[in-house]
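Chains, contacts and geometry: an overview
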Amino acid sequence: MTKDQRKKLFVLMINMFIAIGSFGIIIPILPAYLKSIGQGGTAAGLMIAIFAGAQLIMSPIAGKWADKYGRRIMIIAGLSGLALSMFVFYFSDSVSILYVSRVIGGVGAALLVPAIFAYVADITTMDQRAKGNSFISASMSLGIVVGPGIGGFLAEFGLKMPLLISAIVGVLAVVFSLFVLKESKPETSSTPEHKPEPMVQEIVQSFKKPYFIPLVITLVMSFGLMAYESVLGLFVDNEFGASPQDIAWMVTATGIVSVIVQLAAVDWVVRRFGEENVLKIFLGVAAFGFLLSIIVSNYAFFFVITMIIFLSTSILRPVLTTLISKLAGEEQGFAMGMNNAYMSIGNVLGPLLAGLLYDVHIIYPFVLGLIVLLITMIGSILWKGTKKIA
């Protein structure tokens, strides 16, 4: 990549890191904070679902706006929405207002994420696309790892301090992007005109796109990963008596592995085997991880299994984004919006179904994940969509 490409990617990585980290920063303080205002698990679950739901509804629209109005304005608007949501969260002790803040945050994420990936498509060649997307995915993983750690540290200075710092950092990111980020969408590109349509119709429209199968796989991967994460702590606590420190170390270690793999390995793996083969291989590896989860016998073994699953998804995420981007042509914004929407569907359904199944039997969430991944792997083997990539 050229120096200019690396500079632009670095700016995008900073923005993505701040966006993901700003949500993760509240995780350590959320249980105590909700308890302080007389709320509990139901409110915590709704806050996650509301954020993902708002992101789901807004993503297709935001993707088209990124095609129509440009990437830069959508990125700045998304960062502004995330910062505003943290300010609303900080200044309120009403649970209904907190839900409103999560809606604002979900909309902000929907504006930001598709525009960033569309920006990457604008500034990279086909051969560079996987590397560029892996860098952005690495910044997401780093935000997931660093955010909760910073939140736990800041909570020592006050339960709501992480919220305030997150909001301030978000404002600084907006200012930074206003001065540094340049528009990437070529002025000569022709963007297909679309009339505003309901989100459901946008989803239906995506069925006819050449990148529909990668979108479905994105949904399945998000579903499986969020289902796995949502019961991870409960499972190791009930099965192996793991302490909060054991759980924290597991999450941190898997996040670090994801960052390293996405920065150092994804581009080489894709060049060596090709996107289509990588997709099949690592869907199989992820399914194998879920199979091992069903027969696991101790914490150390489960730790290794978790590393395998997270390693697989850390490779699959940028590869899927690259496939969708390559098949999207000039519809980069819309395609990335749909990518975000399908991911959000998985993020909503995964925890909900995993929680219900966990109450029936603690192994059932892993059984469901295994079945869904196996079906998806078979579908990816039969899929011939990558043959259309020029």
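Predicted model only: the values in this text are computed from it and were never measured.

All right, on to the environment of Y364 then. Summarising the element assignment, Y364 is placed in helix α15 (residues 364–382). In this structure Y364 comes out as partly exposed when scored by relative accessible area, which is 39%. Distance in space between the C-alpha atoms of Y364 and I294 is 8.5 Å, their sequence separation being 70 residues.

Let us now look at helix α4 (residues 71–90). With 20 residues, α4 ought to run about 28 Å at 1.5 Å a step, and its terminal C-alpha atoms sit 29 Å apart, in line with that. Buried within α4 are the following residues: R71, M74, I75, I76, G78, L79, G81, L82, A83, S85, M86 and F89.

This part is about empty space enclosed by the protein. Summed over all chains, the structure comprises three cavities of 30 Å³ or more. For the largest cavity, the calculated volume is near 50 Å³. Forming the walls of the largest cavity are M221, G224, L225, A286, F290, I309, T313, L316 and L373. Elements with a minimum of two residues in the lining of the largest cavity: α9 (212–240), α12 (275–295) and α13 (299–328). Counted by class, the lining of the largest cavity contains seven nonpolar, two polar and no charged residues. The computed volume of the second largest cavity comes to approximately 40 Å³. What lines the second largest cavity is simply I18, S22, L79, L82, A83, M86, S166 and G170. Elements represented by at least two residues in the lining of the second largest cavity include exactly α1 (3–24), α4 and α7 (161–180). Tallying contributions element by element places α4 first for the lining of the second largest cavity, with four residues. The class makeup of the residues in the lining of the second largest cavity is five nonpolar, three polar and no charged.

Here the focus is a positive patch on the surface. Taken together, the side chains of K3, R6, K7, K131 and K182 make up a positively charged region of the molecular surface. When you line up the elements, K3 lands in helix α1. On the basis of relative accessibility, which here comes to 70%, the residue K3 falls in the exposed class.

Core analysis: the biggest nonpolar cluster contains 94 residues, and I75, I136, Y228, F235 and F302 have the highest contact counts within it. Looking at which domains feed residues into this core, each of domain 1 (1–181) and domain 2 (209–385) gives three or more. With residues up to four places along the chain from it excluded, the contact list for F302 reads Y228, L232, F235, V236, F240, M250, S293, V296 and F366. Formed by 12 residues, the second largest nonpolar core is a distinct cluster that contains I29, Y33, M47 and L98.

Two elements in contact, α13 and helix α14 (residues 332–360), have axes separated by 9 Å at closest approach and are oriented at 150 degrees. Note on packing geometry: the crossing formed by α13 with α14 is right-handed. Along its contact with α13, which presents T321, I324, S325 and A328, the element α14 presents Q332, A335, M336 and N339. Classifying every residue of the contact of α13 with α14 by side-chain character gives four nonpolar, four polar and no charged.

As a further point, take a nonpolar patch on the surface. On the surface, a cluster of nonpolar side chains totalling about 370 Å² of accessible area is made up of V171, V175, L178 and F179. Inspection of the secondary structure assignment puts V171 in helix α7. Judged by relative accessible area, V171 falls into the partly exposed class, the value being 35%.

Definitions and limits used
Residues numbered from 1 in each chain as written. Predicted model: local features only at pLDDT ≥ 70, side-chain atom pairs only at ≥ 80, totals over all residues. Heavy atoms only, no water. Helix = DSSP H or I, 4+ residues; strand = E, 2+ residues; numbered from the N terminus. Buried < 20%, exposed > 50% of the residue type's maximum accessible area, 1.4 Å probe, protein only. Expected span 1.5 Å × (residues − 1). 1 Å grid on protein atoms, 1.4 Å probe; cavity = no way out; pocket = protein on both sides within 12 Å on 5 of 7 lines; lining within 4 Å. Points joined across faces, edges and corners; volume = space filled by probe spheres on them. Nonpolar A, V, L, I, M, F, W, Y, C, P; charged D, E, K, R; others polar. Patch = residues over 30% accessible without salt bridge, like charges linked within 9 Å, V, L, I, M, F, W, Y side chains within 5 Å. Areas by Shrake-Rupley, 256 points an atom, 1.4 Å probe, with all protein chains shown as cover. Salt bridge = Lys/Arg side-chain N within 4 Å of Asp/Glu carboxyl O. Lys, Arg positive; Asp, Glu negative; His and termini not counted. Charge placed at Lys NZ, Arg CZ, Asp CG, Glu CD. Core = buried A, V, L, I, M, F, W, Y, C linked by side-chain atoms within 4.5 Å. Domains from an automatic or database assignment. Contact = heavy atoms within 4.5 Å. Axes fitted to C-alpha atoms, helices over the stretch in contact; angles between N-to-C directions. Left-handed = near helix turned anticlockwise from the far one by under 90°.

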